[in-house]
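Understanding the architecture of this molecule
Read off the chains here:
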Amino acid sequence: MTESVRRTGETSPEQRMPEWDGDHARTDTMTGDVDGELLGVDPAELGDEDLIREMQSLHRTRLDTLRHATDSALANHLRRTAELETEYLARHPGREVDPSRLREG
């Protein structure tokens, strides 16, 4: 929790959203719908190009969603990002790591 949240007594999105479950938001069913609304194509059904395009779209809108979206929209954004990134990592377990991105220890 950040200092500003502690100081003002406001709660974080994780604390405000009853569907929050740590790293992602819970959905009402295994099919990925919340309140009967379909929330995207199953990532396993996307081709590689579509998967990358979907992740790029989510990352492009991340800050705006975090700062200005409703709790339910933020929860959906977090859930969808986790689904897509999990699928990407499952497809590319040996992805190339750029040595310039490593921290010196």
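Below or above, wherever it landed, is the structure these notes cover. All residue numbers refer to positions counted from 1 along the written sequence of the respective chain. With pLDDT at 70 or above as the cut-off, local features in this predicted model cover only qualifying residues; side-chain atom pairs require 80 or more to be listed or tallied, and sums for whole chains, interfaces and linings still use all residues. With hydrogens and water set aside, each side-chain value is computed from the structure's full complement of heavy atoms.

1. Looking at the overall build of the protein chain
- By the criteria applied, helices consist of DSSP H or I runs no shorter than four residues and strands consist of E runs no shorter than two, each listed in order from the N terminus. When helices and strands are tallied, the protein chain shows 5 helices and 4 strands.
- Listed N to C, the secondary structure of the protein chain is α-α-β-β-β-β-α-α-α in terms of helices and strands.
- Burial status across the protein chain gives 22% buried among its 105 residues.
- If you take every contact in the protein chain between residues at least 6 apart in sequence, the share linking residues at least 24 apart comes to 57%.
- In short, Shrake-Rupley with a 1.4 Å probe defines the accessible areas, and a residue's cover is counted only from the protein chains shown. On the protein chain, roughly 8,100 Å² of surface is accessible, and the fraction owed to carbon and sulfur atoms is 49%. Burial classes follow relative accessibility: with a 1.4 Å probe on protein chains only, a residue under 20% of its type's maximum area counts as buried, one over 50% as exposed, and anything between as partly exposed. It only takes one pair of heavy atoms within 4.5 Å for two residues to be counted as in contact.

2. Quick notes on helix α5 (residues 71–91)
- In a helix, the anticipated span is given by 1.5 Å times the number of residues less one. The terminal C-alpha atoms of α5 lie 30 Å apart, and with 21 residues this matches the ideal 30 Å at 1.5 Å per residue to within 8%.
- For α5, every residue scored as buried is listed here: L74, A75, H77, L78, R79, R80, T81, L84 and E87.

3. Considering the nonpolar core
- In terms of nonpolar packing, the biggest core is built from 5 residues, these being L46, L51, M55, L58 and L84.
- The leading source of residues in this core is helix α3 (residues 48–60), at 3 residues.
- Look past the residues within four positions of L58 in its chain and what remains in contact with it is H77, R80, T81 and L84. In this description, a nonpolar core means a group of buried Ala, Val, Leu, Ile, Met, Phe, Trp, Tyr and Cys residues linked to one another through side-chain atoms lying within 4.5 Å.

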